[in-house]
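# Structure assessment
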Amino acid sequence: MVADVIERELVIEAPAERVWALITESEHVGTWFGDVGAEIELRPGGLYRLTWKEHGTSIGRIVTVEPHTRFSYRWNAYGPKWREEPEDGYSTLVEFTLEPRGSATLLRLVESGFASLVTDDDIRTTAFDGNVRGWAAELGELQEYATRVAA
Amino acid sequence: MSPALAEGPPADVLAALADPTRWEVLRLLGEAGEGTATTLAASLPVSRVAVTKHLGVLDRAGLVGARKVGREVRYRVDPRPLRDAGRRLDALAEAWDARLGRLKALAEAAEG
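Residues numbered from 1 in each chain as written. Chains lettered and ligands numbered in written order. Predicted model: local features only at pLDDT ≥ 70, side-chain atom pairs only at ≥ 80, totals over all residues.

Okay, the overall build of chain B next. Of the regular secondary structure elements, chain B holds 5 helices and 2 strands. For 112 residues, the compact-globule formula gives about 13 Å, and the C-alpha radius of gyration of chain B, at 20 Å, lies well above that figure. Viewed in the frame of its principal axes, chain B has a C-alpha envelope of about 70 × 25 × 20 Å. Counting only residues that meet the buried cut, chain B has 37% of its 112 residues in that class. A separation of at least 24 residues holds for 56% of the contacts in chain B among residues at least 6 apart in sequence. (Helix = DSSP H or I, 4+ residues; strand = E, 2+ residues; numbered from the N terminus. Rg over C-alpha atoms; globule rule 2.2 N^0.38 Å. Buried ≥ 20, exposed ≤ 12 C-beta atoms within 10 Å, placed from the backbone. Contact = placed C-beta atoms within 7 Å.)

This is the structure we're talking about:
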């Protein structure tokens, strides 16, 4: 099956506290994520606003704050409402998880919810009949399959 | 970099794929090249009526195409929406790779 998630893992040679600061403090987030700046209210429901020179500003809302361990926010990054407050049907969930690995940190990034974005027909409703939540697999499988059926 | 307004992957395609039976229908069609609700139902633990319903969802998402041959409706996979969804998810993943690469560089430089 196909996942509606993007998953990334990488080891960073720095302690989890340091990585946490880079993910949750506006002066840092405004450099590696936004390129103009960021505004962050570090609490559930708080703002995670990113600004880019080229594109303007997107508004995220923080969901989880577990210091040095887990941070997540929702944003409407895709589609017509990307400048607006995240809302159901338009937003995806971005989750960062940190795990100490000796003096380094394993960072896991998961962005999920692409399949529940609103479409202009009834497919979504039909698709979510039944037990389809919680399905997960590799993105690679989709691409591999697409290549195979195209051949 | 197009961070905030990258085009998302097509939700209708992902939603249509988010069902184990439909995924299996696609896999069977991909392998056989073509199939009908009847031939598919023979290989699946669901009724012909259920298969027809799933084929309808796949059809509306553009994942399969139908053609009538006599009294039969034969379906085949249209790989284009799958390829497109894969490409778009891939582009979003690459955007994350770039961001996380900058994050890593920053974290490690600050440590040094």
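Further notes follow.
Scanning chain A from N- to C-terminus turns up 4 helices and 7 strands. Ordered by position from N to C terminus, the α and β elements of chain A give β-α-α-β-β-β-β-β-β-α-α. Put simply, chain A has 151 residues, and 38% of those count as buried. Residue pairs in contact within chain A that sit at least 24 positions apart in sequence constitute 40% of those at least 6 positions apart.

Moving on, we come to helix H2 (residues 20–32) of chain B. Residue and element names in this part refer to chain B. Given a rise of 1.5 Å per residue, 13 residues ought to cover 18 Å, and the 18 Å separating the end C-alpha atoms of H2 matches this to within 8%. Listed as buried for H2 are Arg22, Trp23, Val25, Leu26 and Leu29. Angular distribution of buried residues about the axis of H2 spans 155°; they occupy a single face of the element. Looking at the buried positions of H2, the neighbouring elements they touch are helix H1 (11–17), helix H3 (37–42), helix H4 (48–60), strand S1 (64–69) and strand S2 (72–77). Downstream of H2 by one or two residues, Gly33 has phi in the positive range, about 90°. (Expected span 1.5 Å × (residues − 1). Arc of directions from axis to C-beta.)

Attention now moves to the nonpolar core. Counting residues in each nonpolar core, the largest one holds 57 residues, and the members touching the most others are Val19(A), Leu14(B), Ala16(B), Leu58(B) and Leu63(B). Among residues more than four places away in sequence, those in contact with Leu63(B) are Val13(B), Ala16(B), Leu26(B), Leu58(B), Val77(B), Asp78(B), Pro81(B) and Leu82(B). (Core = buried A, V, L, I, M, F, W, Y, C linked by C-beta atoms within 7 Å.)

Structurally, the α-helix is built with 3.6 residues per turn, so residues lying three or four positions apart point the same way. Residue and element names in this part refer to chain B. When the terminal C-alpha atoms of H4 are compared, their 18 Å separation across 13 residues agrees well with the 18 Å that a helix rising 1.5 Å per residue should span. Among the residues of H4, Val51, His54, Leu55, Val57 and Leu58 are the ones counted as buried. Projection of H4 onto a plane perpendicular to its axis shows the buried side chains occupying an angular sector of 160°, all on one side. In the segment just after H4, Gly62 is the residue with positive phi, at about 80°.

So far we have only geometry, and geometry alone does not tell us how the molecule works.
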